[in-house]
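What follows is each chain in one-letter form.
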Amino acid sequence: MEKYKDEYLDLKAFFSGEREVKKAGDRFTPRLEGQKGEKSFQRYVEFGILFNALARTRQGLKGAILRKPIDITFPENQKPVLDNIMKNGASFEDLTRDLCDAVLGYGYSGVLVDIDKNEQPYTARYDALSILKASKDGDKQEILLKEMIEQPKPDDPNETEWIEQRRKLELIDGAYVVTVYRKEAKADGEFVPVQSTPENPNPKAPTYKGRRLDFVPFTFFGASSNTPEPSNRR
């Protein structure tokens, strides 16, 4: 969420390691009084050594949580689905480990459940920096997500590029609706709905076995509660 963005970016830098912390310059390393020149400050930063207790503590807690096999309650005849539950081929156990990292590190994450064209289910995890908005008021719910997708370059279909887009999940008149937005081509362009086509309608009203969903299939995971609002911020 935007109001916690700076905190999440700080955490991300420390979890990434010493190189990212040093790259942030005086964000984490205060300048000495009387220190002159950028080169002098950069040398001072490079001499520093980061004892990354934060990352080590997260790793230790994760090991404690996962020291026993994951207990999964799921229909036996459908368990093969869990072996390939994410689009990158990761299993349910991989997803569980990933969620442990996210919640222990940032205290906030979320998982979207979707289906492909063959109505096979899969999940997509969104970290704290990718959940831009999350609100729920009675039957009304709206979630705005940031995501990066890889697609062919317009001027060279043999090359690909990463495009940032927004995915809005909401309930409209009690039915689940998904709208995808991408930035306009101009430099200061705003995010606008992607053009709808018969093959890829936008907005889209997802269905399962011919029936529209009456809920948003997105689950939040937090440090002390699984709610849209991040918990235990201090």
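Residues numbered from 1 in each chain as written. Predicted model: local features only at pLDDT ≥ 70, side-chain atom pairs only at ≥ 80, totals over all residues. Heavy atoms only, no water.

Our focus in this paragraph is the packing of aromatic side chains. Following the criterion strictly, the structure yields eight aromatic pairs and no others. Geometrically, the ring pair formed by phenylalanine 15 and tyrosine 106 is edge-to-face, given 5.7 Å between the ring centres and 65 degrees between the ring planes. With a gap of 91 residues between them, phenylalanine 15 in helix H1 (residues 5–16) and tyrosine 106 in helix H5 (residues 92–106) connect regions that are remote in the sequence. Classification of tyrosine 106 as buried rests on a relative accessible area of 16%. Note on tyrosine 126 and phenylalanine 218: the rings are 6.1 Å apart at their centroids and 50 degrees apart in plane angle, and the pair reads as tilted. Of this pair, tyrosine 126 sits in strand E2 (residues 121–127) while phenylalanine 218 sits in strand E10 (residues 218–222), placing them 92 residues apart in sequence. Members of the aromatic cluster, joined through ring pairs, are Tyr4, Tyr8, Phe15 and Tyr106. We note arginine 58 situated over the ring of phenylalanine 15; from NZ or CZ to the ring centre the distance is 3.9 Å. Against the face of phenylalanine 191 rests arginine 166, its NZ or CZ located 4.1 Å from the ring centre. (Phe/Tyr/Trp six-rings, centres within 6.5 Å; stacked < 30°, edge-to-face > 60°. Helix = DSSP H or I, 4+ residues; strand = E, 2+ residues; numbered from the N terminus. Buried < 20%, exposed > 50% of the residue type's maximum accessible area, 1.4 Å probe, protein only. Lys NZ or Arg CZ within 6 Å of the ring centre and 35° of its normal.)

We now examine the pattern of salt bridges. In this structure the tally under the stated criterion is 14 salt bridges. Note that glutamate 18 is salt-bridged to lysine 22, the shortest N-O span being 2.9 Å. Here glutamate 18 and its partner lysine 22 are both found in helix H2 (residues 18–23), four residues apart, which amounts to about one turn of the helix. One salt bridge connects glutamate 142 with lysine 133, and the closest N-O pair in it is separated by 3.2 Å. Residue classification places glutamate 142 among the partly exposed residues on the basis of a relative accessible area of 22%. Note on lysine 133: relative accessible area 37%, which makes it partly exposed. In the salt-bridge network here, residues are joined through shared partners; they are Asp26, Arg31 and Glu38. (Salt bridge = Lys/Arg side-chain N within 4 Å of Asp/Glu carboxyl O.)

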